[in-house]
Amino acid sequence: MKLSEVLAGKGRRVVTVSAKSSITDAIRTMQAEKVGAVLVPDSGECPVGIFTERDVVRMHAGGDRDFDALTVESRMTCSVVVGKLSMTVDEALGLMTQRRFRHLPVLEDGKLVGLVSIGDLVKVKLEETAQEAQALRAYITS
Ligand code: AMP
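Reading guide: rules and limits
Residues numbered from 1 in each chain as written. Predicted model: local features only at pLDDT ≥ 70, side-chain atom pairs only at ≥ 80, totals over all residues. Heavy atoms only, no water. Near = heavy atom within 4 Å. Polar contact = N/O pair within 3.5 Å; in protein donor to acceptor, adjacent residues only side chain to side chain. Areas by Shrake-Rupley, 256 points an atom, 1.4 Å probe, with all protein chains shown as cover. Helix = DSSP H or I, 4+ residues; strand = E, 2+ residues; numbered from the N terminus. Nonpolar A, V, L, I, M, F, W, Y, C, P; charged D, E, K, R; others polar. Contact = heavy atoms within 4.5 Å. Pairing = 2+ DSSP bridges.

**Observations concerning the site of the ligand**
Moving on, step 1. Residues in contact with the ligand amount to 13 residues; listed here are only the nearest, D55, T77, V81, R102 and H103.
Moving on, step 2. Within the side chain of R58, an N or O atom sits 3.2 Å from an oxygen atom of the ligand.
Moving on, step 3. H103 places a side-chain nitrogen or oxygen 2.6 Å from an oxygen atom of the ligand.
Moving on, step 4. Relative to its unbound accessible area of 480 Å², the ligand is 94% covered by the protein chains.
Moving on, step 5. Residue assignment for the shell around the ligand shows that the elements contributing at least two residues are β2 (49-52), α3 (53-61) and β4 (103-108).
Moving on, step 6. With three residues, α3 is the largest single contributor of residues to the shell around the ligand.
Moving on, step 7. Per-class residue counts for the shell around the ligand are five nonpolar, four polar and four charged.

Structure below.
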């Protein structure tokens, strides 16, 4: 299965915040939208940034406390790895596993068209496995 099909199933919604948003705003947005990452499309220094739950944990562990005053652009990841609509689920899972992140923005013609999480992809793999098992059971008993 390709990422285009995954996005067709889950929708192309991408939750964003502006680069100047505070960390508190980003955390509240993630909580309200029930997502683990926000994209920052209008960041001055890079075309797109990403800020995730993991960054919040890293900040807190590193002693950052003033989440109201700190901006997202000061703590986001700038060098974002992206996927394509034609990428397969297996390719995306391999990339995310190798690079150790759980969120992959998807681009088409240089434009952001969606984001898949590792949870979205594991769900697809579980469904595929269940369908294969059912087909094998049907074959064996027919
Ligand atoms: P995650 O596991 O997705 O919560 O992210 C772990 C770390 O990787 C965080 O510092 C994120 O900002 C960063 N990150 C998440 N997704 C990506 C991505 N697609 N490209 C580059 N960095 C990412």
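**Focus on the side chain of H103**
Moving on, step 1. Tracing the backbone through its elements, the reader meets H103 in strand β4.
Moving on, step 2. Not counting residues up to four positions away in its chain, the partners in contact with H103 are G36, A37, I50, T52, M96, L115, V116 and S117.

**Concerning the sheet that holds β4**
Moving on, step 1. Read across the sheet, three strands follow the order β3-β4-β5 without closing on themselves; strand pairing throughout is mixed. Each having just a single partner strand, β3 (83-84) and β5 (111-117) make up the two edges of the open sheet.
Moving on, step 2. The pairing of β3 with β4 spans two bridges and is parallel. Note on β4: the bridge partner recorded for K84 is L107.

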